Amino acid sequence: IAILGVQAIIYNAAGQTEKSDLIIKKIMEQLEADEIAGDTFVDIIHLADFLEDTGKSYEFNTLIAYLEDAAVKAGSTNYRLQVASLRIRHTRKIGDTESERKYLEDFYELFLKYQEDTLNINLKAVELRQSLAFAQQKRIDAEKQNEILKKRSTIDALTGLPNRYALNEYAE
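Residues numbered from 1 in each chain as written. Predicted model: local features only at pLDDT ≥ 70, side-chain atom pairs only at ≥ 80, totals over all residues. Heavy atoms only, no water.

With that settled, consider the pattern of salt bridges. All chains considered together, the criterion is met by 12 salt bridges. Between Glu100 and Arg92 there is a salt bridge; the shortest N-O distance is 2.7 Å. Between Glu105 and Arg101 there is a salt bridge, with its nearest N and O atoms 3.0 Å apart. On the criterion of helical spacing, the pair formed by Glu105 and Arg101 is a turn pair, its members being 4 residues apart in helix α6 (residues 97–154). According to the relative accessible area criterion, Glu105 is partly exposed, its value standing at 43%. Among the charged side chains, a salt-bridge network with shared partners connects Asp49, Glu52, Asp53, Arg89 and Lys93. (Salt bridge = Lys/Arg side-chain N within 4 Å of Asp/Glu carboxyl O. Helix = DSSP H or I, 4+ residues; strand = E, 2+ residues; numbered from the N terminus. Buried < 20%, exposed > 50% of the residue type's maximum accessible area, 1.4 Å probe, protein only.)

Next up on the list: the packing of aromatic side chains. Applying the stated criterion across every chain, the model contains 1 aromatic pair. Both rings, one in Phe41 and one in Tyr79, keep their centres 3.9 Å apart while their planes meet at 10°; by these two values the pair is stacked. Of the two residues, Phe41 is situated in helix α3 (residues 41–53) and Tyr79 in helix α5 (residues 77–94); the sequence distance between them amounts to 38 residues. Take Phe41 and Tyr79: they sit in the same class, and that class is buried. (Phe/Tyr/Trp six-rings, centres within 6.5 Å; stacked < 30°, edge-to-face > 60°.)

In the predicted model, the chain carries a mean pLDDT of 89, and the fraction of residues at 70 or more is 95%. For the chain, helix α7 (residues 164–171) is the element with the lowest average pLDDT, namely 85, and α6 is the one with the highest, namely 94. (pLDDT = per-residue confidence, 0-100.)

By secondary structure assignment, the location of Ile27 is in helix α2 (residues 17–30). Placed 25 residues apart in sequence, Ile27 and Ala2 show a C-alpha to C-alpha distance of 8.9 Å.

Direction vectors running N to C along α2 and α3 enclose 130°, while the axes themselves pass 13 Å from each other. Overall, the two elements α2 and α3 adopt an arrangement that is oblique. As for how α2 packs across α3, the hand of that crossing is left-handed. Residues Ser20, Ile24, Ile27 and Met28 of α2 touch α3, and the partners they reach there are Leu47, Phe50 and Leu51. Considered class by class, the residues forming the contact of α2 with α3 number 6 nonpolar, 1 polar and no charged. (Axes fitted to C-alpha atoms, helices over the stretch in contact; angles between N-to-C directions. Parallel < 35°, antiparallel > 145°, perpendicular 65-115°, else oblique. Left-handed = near helix turned anticlockwise from the far one by under 90°. Contact = heavy atoms within 4.5 Å. Nonpolar A, V, L, I, M, F, W, Y, C, P; charged D, E, K, R; others polar.)

This is how it looks when you write it as structure tokens:
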């Protein structure tokens with residue numbers, strides 16, 4: 001779908017609107033069959049933006065509904081914000097102030113959730129960093145303990161001379 005979207009945009013820019021429209025029709029047919037992969041979501045957002053700019057309201061609304069479902073399924077507040085932003089721009093362009101207000105409210109709620117998610121991610125990152133520092137200190141302490149144990153296992157505590165184990169190791 002993402003590749004077809006790029007083709008539709010290119011054909012439209014080249015003035016070949018018939019080819020662009022055929023590709024858009026093909027995209028609309030494929031929407032139900034395909035799942036949106038995370039790396040193509042942004043490309044499809046650009047396609048929705050293109051559809052909105054070219055006045056293809058039906059296709060735009062169909063694609064936006066599909067993107068909203070995909071963003072919810074993916075659990076991505078960021079994707080949902082991008083879709084809401086397109087909705088706001090579209091309703092503003094067509095002069096639907098009531099829908100625009102509703103989408104602005106939705107956008108605000110999503111933005112608050114996005115901030116909360118970001119805060120939680122940052123807290124988890126700090127916890128992970130602290131855990132890593134603690135684990136590194138434990139490793140350093142264990143290496144020091146291993147050195148002490150190795151020295152104790154090769155030196156006689158009473159005489160300070162190498163013991164039989166050390167001599168056997170030296171002999172080998």
